[in-house]
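Inside the fold
Residues per chain are reported as follows:
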Amino acid sequence: MKTENTKNIFVTKSLLPSYEEYIEAIKPLWDSSIITNMGTYHKQLEAELKDYLKTPYVSLMVNGHMALEMAIQSFNFPEGSEVITTPFTFISTTHAIVRNRLKPVFCDVKAQDGTIDESKIENLITEKTVAILPVHVYGNLCNMEEIERIASKYRLKVIYDAAHAFGVKYKGIGVGNFGDASCFSFHATKVFNTIEGGAVTFKNPELYEQLYNLKNFGIRGEELVVDIGANAKMNEFCAIMGLCNLKSIDKAISQRGERVKLYKELLKDKPGISFLKPSYEESAIEENYAYLPIVIDEFNGRTRDKVYTRLREENIYSRKYFYPLTSDQACFKNKYKDADLSVARSLSNRILSLPLYHDLEFETIERICKIICE
Ligand SMILES: *Cc1c(COP(=O)(O)O)cnc(C)c1O
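Presented here is a report on the structure given in the accompanying data block. These figures come from a predicted structure and were not determined experimentally.

In this model, the largest pocket occupies a volume close to 680 Å³. Lining the largest pocket we find 38 residues, and of these Phe90, Thr189, Lys190, Tyr321 and Phe322 sit closest to its centre. When its residues are assigned to classes, the lining of the largest pocket shows 17 nonpolar, 15 polar and six charged. The set of elements that each furnish at least two residues to the lining of the second largest pocket consists of α4 (64-74) and α7 (205-215). Top element by residues in the lining of the second largest pocket is α4. It accounts for three residues. Class assignment of the residues belonging to the lining of the second largest pocket gives a composition of five nonpolar, five polar and one charged.

Now the structure itself:
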């Protein structure tokens, strides 16, 4: 039965400063006419993000995907080397590996939190393995201690896809401090956005210079090109959007937290419905409430796909993040060694991300939960 004609509710909504604030903030660009090429605001946002993410170095990028591509490329792995990664992610993670002419080796994930199953990594290591590329999926932190223990035992690099983990801290430490590099996305749909944008964070100062070359054609002087770089730098309009949004990000994250709390109250103990659970002690983590994925097991004929369709009939757009697995996508299927991905595949068949953003109305959450529990 259709209820009244309601407005569309999407899975996310971009955080924006007020129109006046942004217009005021971009005014100086008309005085200087410098609107890109690592200008004032690019530098300022790098500095402020260093502070916010509590990491020694930040290199801003044009988007999260290029952050991943550039970070991987900066390690100069031999062509055809293997990278152990997760298929339970956005397609960008796998594309970034393959577009660097490396081979993804898919590892299964843990049902509990959707992150790479660290106990299955060692079995996948061969003499060709050069790196591990895990994803802090939904902002749930991977088992970083164990991943980094394995990496140092086999001398592998660790590059985290931290696209979902903006602002997440583990024992007070910014998540961007782990591994050899972490890649963030500042896409409009993410917790923190610069319209389009991204960043790599890391501890090694040499990496800053390398990433600088990679994101700006390797240009080091009017007549000097030292590396075969691409163009992946962030422009000033985007950097200013980031500076504006950074002012309200803490508030936005706590508003998200309140909404997650309500969802959890309303859906708790409902048969067939469960939540993912971070594998670290909750007290050790500062969350960012980036997504609200629920796991739907069949109950009385209710399945993930039926809930998805039912919400859609009410103009509520949930998303099957992440279905299908990237390894099952047309462009990758049957191309790589078949590991046992049964946990990832099962999770992927049952997961549904519900609408979540800073000013999502509590009433809407009640309505969504009612439809799900019908
Ligand atoms: C969004 C996202 C990316 C890519 O970031 P863009 O800024 O959209 O290029 C990479 N990995 C994951 C897991 C993402 O969710």
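Leftover empty space is mapped by rolling, across the atoms, a probe with the size of a water molecule. Throughout the structure, instances matching the rule amount to three cavities of 30 Å³ or more. The volume enclosed by the largest cavity comes to roughly 220 Å³. Elements represented by at least two residues in the lining of the largest cavity include exactly α8 (236-267) and β14 (292-296). Split by residue class, the lining of the largest cavity holds twelve nonpolar, three polar and two charged. Each pocket or cavity is described by its volume, and for the second largest cavity that value is around 40 Å³. Residue lining of the second largest cavity: Tyr52, Leu53, Gly167, Val168, Lys169, Gly174, Val175, Gly176 and Phe184, and that is the complete set. Here the residues of the lining of the second largest cavity sort into five nonpolar, three polar and one charged.

Lining the immediate surroundings of the ligand are 15 residues, of which Gly64, Asp161, His164, Ser185 and Lys190 lie closest. Among the detected pockets, the ligand sits in the largest pocket. The element contributing the most residues to the shell around the ligand is α4, with three residues. Of the residues contributing to the shell around the ligand, the split by class is three nonpolar, ten polar and two charged.

Now for the packing of helix α9 (residues 304-313) against helix α11 (residues 362-373). Close contact between α9 and α11 brings their axes to 10 Å; oriented N to C, the two are set at 135°. Relative to α11, α9 is oriented oblique. In terms of crossing hand, the pair formed by α9 and α11 is right-handed. Taken together, the residues of α11 that come into contact with α9 (itself represented by Val307, Arg310 and Leu311) are Ile368, Ile371 and Ile372. Within the contact of α9 with α11, the residues separate by chemical class into five nonpolar, no polar and one charged.

Grouped together as the largest cluster of nonpolar side chains are 72 residues, with contacts concentrated most on Leu49, Phe88, Ile121, Phe166, Phe186 and Ile249. Looking at this core, the elements that each hand over two or more residues are α1 (19-26), α3 (40-53), β1 (57-61), β3 (103-106), α6 (144-153), β5 (157-161), α8 and α10 (342-350). The greatest single-element share of this core, amounting to ten residues, is contributed by α8. Leaving out residues up to four positions away in the same chain, Phe88 has contacts with Val109, Gly114, Val137, Tyr138, Phe322, Leu325, Ala344, Leu347, Ser348 and Ile351. In this structure, Leu102, Leu133, Val200 and Phe202 belong to the second largest nonpolar core, which totals 26 residues.

For the rest of this paragraph, the subject is α10. Each full turn of the α-helix corresponds to 3.6 residues, which orients residues three or four apart in the same direction. For α10, the complete set of buried residues consists of Ala344, Leu347 and Ser348. Seen along its axis, α10 keeps its buried residues to an arc of 100°; they face one direction. Those residues of α10 that are buried are in contact with β14, α9 and β15 (351-354).

Ordered in space as β1-β9-β8-β5-β4-β2-β3, the seven strands form an open sheet in which the pairing is mixed. Looking along the sheet, the strands with just one partner apiece sit at the ends: β1 and β3. Along the sheet, successive strands turn relative to each other by an average axial angle of 25°, direction set aside. Both β5 and strand β8 (residues 181-185) contribute to a ladder of three bridges, which runs parallel. Looking at β8, one finds that Ile159 is bridged to Ala181. Along the sheet, α7 contacts β1, β8 and β9 (198-202); its crossing angle with β1, the most-contacted strand, is approximately 10°.

The rules behind these values
- Residues numbered from 1 in each chain as written.
- Predicted model: local features only at pLDDT ≥ 70, side-chain atom pairs only at ≥ 80, totals over all residues.
- Heavy atoms only, no water.
- 1 Å grid on protein atoms, 1.4 Å probe; cavity = no way out; pocket = protein on both sides within 12 Å on 5 of 7 lines; lining within 4 Å.
- Points joined across faces, edges and corners; volume = space filled by probe spheres on them.
- Nonpolar A, V, L, I, M, F, W, Y, C, P; charged D, E, K, R; others polar.
- Helix = DSSP H or I, 4+ residues; strand = E, 2+ residues; numbered from the N terminus.
- Near = heavy atom within 4 Å.
- Sits in = over half its atoms within 2 Å of the grid points.
- Axes fitted to C-alpha atoms, helices over the stretch in contact; angles between N-to-C directions.
- Parallel < 35°, antiparallel > 145°, perpendicular 65-115°, else oblique.
- Left-handed = near helix turned anticlockwise from the far one by under 90°.
- Contact = heavy atoms within 4.5 Å.
- Core = buried A, V, L, I, M, F, W, Y, C linked by side-chain atoms within 4.5 Å.
- Buried < 20%, exposed > 50% of the residue type's maximum accessible area, 1.4 Å probe, protein only.
- Arc of directions from axis to C-beta.
- Pairing = 2+ DSSP bridges.

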